[in-house]
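# Structural features, examined
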2 protein chains.
Amino acid sequence: MTFPQTLAADACLIQARLDAALADKADQPVIHAMRYAVQGGKRLRGFLVLESARMLGVPSETAIAAAAAVESLHAYSLIHDDLPAMDNDDLRRGLPTLHIKWDEATAILAGDALQTLAFELLADPALGSAETRIALVASLAKASGAEGMVLGQALDIAAETAATPLTLPQITALQAGKTGALIRWSAEAGAIIAHADPSPLRAYATALGLAFQIADDILDVTGDATKAGKRLQKDADAGKATFVSLLGLDAARARAAELVEQAESHLQPYGAAATNLIAAARFAISRET
Amino acid sequence: MTFPQTLAADACLIQARLDAALADKADQPVIHAMRYAVQGGKRLRGFLVLESARMLGVPSETAIAAAAAVESLHAYSLIHDDLPAMDNDDLRRGLPTLHIKWDEATAILAGDALQTLAFELLADPALGSAETRIALVASLAKASGAEGMVLGQALDIAAETAATPLTLPQITALQAGKTGALIRWSAEAGAIIAHADPSPLRAYATALGLAFQIADDILDVTGDATKAGKRLQKDADAGKATFVSLLGLDAARARAAELVEQAESHLQPYGAAATNLIAAARFAISRET
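Attention in this report is confined to the structure presented alongside it. (Residues numbered from 1 in each chain as written. Chains lettered and ligands numbered in written order. Predicted model: local features only at pLDDT ≥ 70, side-chain atom pairs only at ≥ 80, totals over all residues. Heavy atoms only, no water.)

## Things to note about the overall build of chain A
To keep things clear, this is the line we draw: Starting at the N terminus, helices and strands are each numbered in turn, a helix being any DSSP run of H or I of at least four residues and a strand any DSSP run of E of at least two. The globule rule used for comparison is 2.2 Å times the number of residues to the exponent 0.38, while the radius of gyration itself is calculated over C-alpha atoms. Using a 1.4 Å probe on the protein chains alone, a residue whose accessible area is under 20% of its type maximum counts as buried, one over 50% counts as exposed, and one in between counts as partly exposed. Pairs of residues are marked as contacts when any of their non-hydrogen atoms sit within 4.5 Å. Areas reported as accessible are Shrake-Rupley estimates using a 1.4 Å probe. Residue values count occlusion only from the protein chains shown. We treat Lys and Arg as the positive residues and Asp and Glu as the negative residues; His and chain ends play no part in the count. Charge placement uses NZ in Lys and CZ in Arg. For Asp and Glu, CG and CD serve respectively.
Each helix and strand counted, chain A has 15 helices and two strands in total. Against the 2.2 N^0.38 benchmark of 19 Å for 289 residues, chain A shows a C-alpha radius of gyration of 18 Å, consistent with a compact globule. Principal axes of the C-alpha set define a box for chain A whose edges measure 50 × 50 × 35 Å. Burial statistics for chain A: of 289 residues in total, 57% are counted as buried. Put simply, of all contacts in chain A between residues at least 6 apart along the chain, 73% involve residues at least 24 apart. Per element, the accessible surface of chain A, about 10800 Å² overall, is 55% carbon and sulfur. Here chain A carries 24 positive and 34 negative side-chain charges, and the mean point of each set is 2 Å from the other.

## Quick look at the side chain of Q115 of chain B
Using the following cut-off: As used in this structure description, the phrase polar contact means that two N or O atoms lie within 3.5 Å; if the pair is within protein, one of them must be able to donate a hydrogen and the other to accept it, and residues adjacent in sequence are counted only when both atoms belong to side chains.
Within the element layout of this structure, Q115 of chain B appears in helix 6 (residues 104-122). Judged by relative accessible area, Q115 of chain B falls into the buried class, the value being 0%. Among the polar contacts listed, one links the side chain of Q115 of chain B to the backbone oxygen of D112 of chain A, at a separation of 3.2 Å. A polar contact is formed between the side chain of Q115 of chain B and the side chain of T116 of chain A, at a distance of 2.5 Å. Apart from the residues within four sequence positions on either side, Q115 of chain B is in contact with D112, Q115 and T116 of chain A together with L73 and Y76 of chain B.

## Some thoughts on the pattern of salt bridges
Convention followed: Between Lys or Arg on one side and Asp or Glu on the other, a salt bridge is scored when a side-chain nitrogen of the former is within 4 Å of a carboxyl oxygen of the latter.
One pass over the full model with this rule turns up 32 salt bridges over all chains. Residues D82 of chain A and R92 of chain A are paired through a salt bridge, measuring 2.9 Å at the closest nitrogen-oxygen approach. One end of the pair, D82 of chain A, is in helix 4 (residues 60-82); the other, R92 of chain A, is in strand 1 (residues 91-92), and 10 residues separate them in sequence. Ionic pairing is found between E188 of chain B and R202 of chain B, a salt bridge with its closest N-O pair at 2.9 Å. With E188 of chain B in helix 9 (residues 168-194) and R202 of chain B in helix 10 (residues 199-222), this residue pair connects regions lying 14 residues apart in the sequence. By relative accessible area, which is 36% here, R202 of chain B ends up partly exposed. Counted as one network, the salt bridges with shared partners bring together D81, D156, E160, K178 and K240 of chain A.

## Considerations on the relation of the copies chain A and chain B
Rule in force here: Superposing copies: least-squares fit, C-alpha atoms only, residues required to have pLDDT of at least 70 in both.
Rotating chain A by 180° and moving it 0.0 Å along the rotation axis overlays it on chain B with an RMSD of 0.0 Å. Expressed as a symmetry operation, the mapping of one chain copy onto the other fits a two-fold axis. When the interface residues of chain A are mapped onto chain B, 100% of them are again interface residues, pointing to one common binding face.

## Some points on the interface of chain A and chain B
The condition that has to hold: Two parts lose some accessible area (1.4 Å probe) when they are put together, and adding that loss for both gives the buried area.
Tallying the contact residues gives 42 residues for chain A and 42 residues for chain B. Overall, the association of chain A and chain B removes approximately 3500 Å² of surface from exposure, summing both partners, and the carbon and sulfur fraction of that is 75%. Taken as a group, L109, T116 and I134 of chain A account for 16% of the area that chain A buries against chain B, more than any other trio of residues on that side. Across the chain A-chain B interface, the total number found is four salt bridges. As a salt-bridge pair, E147 of chain B and K25 of chain A come within 3.6 Å of each other at their nearest N and O atoms. Linking chain A to chain B there are six residue pairs in polar contact (both at pLDDT 80 or more).

Here it is, written out as structure tokens:
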């Protein structure tokens, strides 16, 4: 299968696992909102879990709960990020955000419960031994909490009211938390499940995560809001520093391409088994949404 | 030690474990807000973890991370519950709520990260084998998510706009989720850590949780807001059904006392080792805050 076919097939697998996790729940708005929030998206994080596991010889059936977990956690972060007190977005993946379609209270609670669901999914015995599962819990908590994703989000909010725009090292640190930590965890999760050395995948995903964010900043300036399914040019409108505002468009593109080459180099030892992960890195900077 | 002395000593232990978990973090408002949010409170849930473990022969040093975890999770739920879109409270434990002292975005993120911290704490190797720790993760996720605490909160919000007040079975179901699930988990956690049968502790905590909530409804009517450190008579002002509005004050008191007797009866087999848990059940309905 080509990379786009694999990405699409993995998205279906992940959706099915999330649907199963949300089946037979109460007929309440908060449950409907959770189901709505886990629809769509590229599922890049879940793909990274499944593909890094596959590269190391672990089948999708074994790794799927971890892929669903990171997508559930990502969905929670988007819901809370879209809230009026945060980014105040009314469009996500081409659809009204949760607090628009339901209300703020339902959006807060649905996000909360999707975070919980992520950890519940990591307890799935299909993922392997208790040692493997608790290692996944500990590392996802580290990546997504006050030293990872949430810290990145907090730095992002602080940047909005800062007297001076952030510098390049500051933006890099912010993004290493806000988007980098989950992308890194996703690739590492495959190694944890496979009982393999996580270092090459961590190095790959660190470069990939930064390239992905630079590409996001480029898309924010050059992208098509209809294709993206969300509001664009927000950062420029808000006067926020981005990789594009700091480096310029051409240098930002060059830096992203360089990072993708770095990402690829870390996977050389795996040969042909790394084909899809290398394609994913190239996709991260060539995508239109 | 008497029960009040044990409760106070356990609160100190729990605070120290939470302080350790939040040490050496970034100098950011979201971290300061997390530290602020885990101060104070009765620590009844953490006490239940430590005391149920002790009753079964497990020392505090072994169980402490689980006690800190449930208090971290409880703190997150209070922060989000106090938000303007939820209960819109400006006072908690006698202090300004997080969104008053900082802002809504910081309160949302601090709550999110305290939920994450709860699961990070449950990965602490001091709690025992990987099997024990993943069992704690799975059960806490179940108790606090869309089938437990969050569902109870969602039902509570739905009740506020419902055309007719809730019935007694509906209020009981709501509270079994909103406050009952975490109280039940806390007592069960001791049995999980001790590899003991959780059934008697589950039955004890189910009765205790309901008694605790009936006492809360009684305090909401008869209590002193200064002592309670929060706004009272909210439910009556909002025209919401409570155990008091449905049963009357005297019958609510009688029902709570009956539940405490039930709770005690489940711990008879443990003899003197259950003294503190029995005192906790009595305290649940005699407390002034």
